[in-house]
Amino acid sequence: MYSSKIKGLGKYVPENIVTNKDLSEIMDTSDEWIQERTGIKERRHIKKGDGNSCAKMGVKAAKIAIERAEIDKDDIDLIVFATLSPDYYFPGSGVIVQDVLGIETCPAIDVRNQCSGFIYAISVADQFIKTGMYKNVLVIGSENHSGGLDMTTRGRNVSVIFGDGAGAAVLSRSEDDSKILSTHLHSQGQYSKELSLIGPSTQHWVPEIIAENPQENIPYYPYMDGQLVFKHAVVRFSEVINEGLDANDLKKEDINLLIPHQANLRISQFIQKKFQLSDDRVYNNIQRYGNTTAASIPIALTEAWEEGKVKKGDVIVLAAFGSGFTWGSCILKW
Ligand code: COA
């Protein structure tokens, strides 16, 4: 059996910075409330006409990752694209990436696992490389949240949290001892509606939405039971990190760097405390980007690597929890 490793990383965020103060001018919120509850100071939003889309941001991140991996785009055997905000209902965004990158044909899979999307996507890529079927897999997490948020006071508990951006990783067959050690994935559909966007969908088409003429809780905007999500997140993050550590005979002291999905700074701080990790062993950047869902881990991993915080031989732990509910972890030796 082969092993896979991350050979190249890249990220892209739109230039347009939206501060908490900017949001307080269009809805009833405040910098103080947002920072105290989430740690977020600002996030990036696509600006109409700036040429970005979910897939196109993914392409920009992917180009950097491919260059750093020192491979050619035509060496890519598979694209795995994770998002909850695809360019189209169908087809998936992976095929758009394949086209814009100029790869004539290659398989492209879209993964729809929201905040856990990048962990799921890494796991899919890892399996294909382990079996020997593919050598180089391009994994992308990208989100264009701003296009679909309720930017009024009605939607403030959700819309202040989320931001746009993309991260990418090239996974390649490993020729040395750096490798993905394990991935663990979970879901619990019992809570599928607690963090969701119900319509338009095959269960809820636009005419029905209009006929119902809802004044509140409009189903074509995201819905979130924030407190329920918080309660489950702190439990599942801990469980799935421990599951990964146990599977590899590792202890919390062996973690060189934990990169939690950037859901909320308070959730990250809770996990940090639980695993008794010093500040330099946990990477957070939610303060600058908000929650970018499937893009948050690859953006954070790329920045940590660019800042020299990821070193050869380090044990890196990636973990996520989100809509579904879904959750997962990935432990790798750099
Ligand atoms: N600005 C100002 N006030 C806001 C607000 C905002 N953006 N959003 C909600 N409020 C108000 C509420 O209306 C409520 O007012 P009330 O007391 O008059 O009814 C009050 O703030 C408290 O709301 P509540 O929802 O209880 O706040 P909270 O402490 O649970 O914080 C979250 C809300 C969303 C920040 C928090 O629940 C959370 O972080 N949950 C996890 C979310 C998450 O991680 N999601 C991504 C998963 S991957």
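Refer to the structure above for everything that follows.
Residues numbered from 1 in each chain as written. Predicted model: local features only at pLDDT ≥ 70, side-chain atom pairs only at ≥ 80, totals over all residues. Heavy atoms only, no water.

### Overview of the overall build of the protein
Right, so step 1: Within the protein, the regular secondary structure consists of 11 helices and 13 strands.
Right, so step 2: A globule of 334 residues ought to have a C-alpha radius of gyration of about 20 Å, and the protein, at 19 Å, matches this closely.
Right, so step 3: Dimensions of the protein, computed from the C-alpha atoms along their principal axes, are close to 60 × 50 × 35 Å.
Right, so step 4: Relative to its full complement of 334 residues, the protein shows a buried share of 55%.
Right, so step 5: For the protein, long-range pairs separated by at least 24 residues make up 78% of all intrachain contacts whose partners lie at least 6 apart in sequence. (Helix = DSSP H or I, 4+ residues; strand = E, 2+ residues; numbered from the N terminus. Rg over C-alpha atoms; globule rule 2.2 N^0.38 Å. Buried < 20%, exposed > 50% of the residue type's maximum accessible area, 1.4 Å probe, protein only. Contact = heavy atoms within 4.5 Å.)

### Looking at the sheet that holds strand 13 (residues 326–333)
Right, so step 1: Spatial strand order, 8-13-12-11: four strands in an open sheet with mixed pairing. For this open sheet the edge positions go to strand 8 (179–187) and strand 11 (257–260), each flanked by a neighbour on one side alone. Each strand axis lies, on average, 10° off the axis of its neighbour in the sheet, ignoring direction.
Right, so step 2: Where strand 12 (residues 315–322) meets strand 13, eight bridges bridge the pair, whose relative direction is antiparallel. (Pairing = 2+ DSSP bridges. Axes fitted to C-alpha atoms, helices over the stretch in contact; angles between N-to-C directions.)

### Describing the site of the ligand
Right, so step 1: Taken together, 23 residues surround the ligand, and among them Thr-29, Arg-37, Gly-226, Gln-227 and Asn-264 come closest.
Right, so step 2: Arg-156 places a polar side-chain atom, nitrogen or oxygen, 3.0 Å from an oxygen atom of the ligand.
Right, so step 3: In this structure, an oxygen atom belonging to the ligand sits 2.4 Å away from a side-chain N or O atom of Asn-264.
Right, so step 4: Within the complex, 73% of the 960 Å² of free accessible area of the ligand lies under protein.
Right, so step 5: Mapped onto the shell around the ligand, the elements with two or more residues apiece are helix 2 (31–38), helix 6 (156–159), helix 8 (226–247) and strand 12.
Right, so step 6: At four residues, helix 8 tops the list of elements feeding residues into the shell around the ligand.
Right, so step 7: Looking at side-chain class alone, the shell around the ligand contains 11 nonpolar, nine polar and three charged residues.
Right, so step 8: Taken domain by domain, the makeup of the shell around the ligand includes at least three residues from each of domain 1 (4–176) and domain 2 (180–333). (Near = heavy atom within 4 Å. Polar contact = N/O pair within 3.5 Å; in protein donor to acceptor, adjacent residues only side chain to side chain. Areas by Shrake-Rupley, 256 points an atom, 1.4 Å probe, with all protein chains shown as cover. Nonpolar A, V, L, I, M, F, W, Y, C, P; charged D, E, K, R; others polar. Domains from an automatic or database assignment.)

### Structural notes on the pattern of salt bridges
Right, so step 1: In total, this model carries 15 salt bridges according to the counting rule given.
Right, so step 2: Among the ionic pairs, Asp-177 bridges to Lys-312, the shortest N-O distance being 3.7 Å. Within this pair, whereas Asp-177 is found in the loop between strand 7 (165–173) and strand 8, its partner Lys-312 is found in the loop between helix 11 (296–306) and strand 12, the two being separated by 135 residues in sequence.
Right, so step 3: Taking the relative accessible area as the measure of exposure, Asp-177 reaches 47% and is therefore partly exposed.
Right, so step 4: Salt-bridge contacts for Glu-239 lead to Arg-236; the nearest nitrogen and oxygen are separated by 2.8 Å. Taken together, the residues span about one helical turn, with Glu-239 and Arg-236 both in helix 8 at a distance of three residues.
Right, so step 5: Relative accessible area serves as the criterion here: at 18%, Arg-236 is assigned to the buried category.
Right, so step 6: Through salt bridges with shared partners, a single ionic network connects Lys-5, Asp-176, Asp-177, Lys-312 and Lys-333. (Salt bridge = Lys/Arg side-chain N within 4 Å of Asp/Glu carboxyl O.)

### Remarks on the packing of helix 8 against helix 9 (residues 265–274)
Right, so step 1: Axis separation between helix 8 and helix 9 bottoms out at 10 Å; the angle between their running directions is 40°. The angle between helix 8 and helix 9 places the two elements in the oblique class. In terms of crossing hand, the pair formed by helix 8 and helix 9 is right-handed. Contacts between helix 8 and helix 9 involve Phe-230, Ala-233, Val-234, Phe-237, Ser-238 and Ile-241 from the former and Arg-266, Ile-267, Phe-270, Ile-271 and Lys-274 from the latter.
Right, so step 2: For the contact of helix 8 with helix 9, the per-class residue count stands at eight nonpolar, one polar and two charged. (Parallel < 35°, antiparallel > 145°, perpendicular 65-115°, else oblique. Left-handed = near helix turned anticlockwise from the far one by under 90°.)

### Re the packing of aromatic side chains
The geometry of an aromatic ring pair is captured by the separation of the ring centres together with the interplanar angle, meaning the angle of the planes.
Right, so step 1: All chains considered together, the criterion is met by four aromatic pairs.
Right, so step 2: Judged by centre distance (6.1 Å) and plane angle (35°), the rings of Phe-321 and Trp-327 are tilted. Across the pair, Trp-327 and Phe-321 agree in class, each one buried.
Right, so step 3: An aromatic cluster is present here, built from Tyr-191, Phe-321, Phe-325 and Trp-327 joined pairwise through their rings.
Right, so step 4: Positioned over the ring face of Tyr-2 is Arg-173, at 3.7 Å from the centre of the ring. (Phe/Tyr/Trp six-rings, centres within 6.5 Å; stacked < 30°, edge-to-face > 60°. Lys NZ or Arg CZ within 6 Å of the ring centre and 35° of its normal.)

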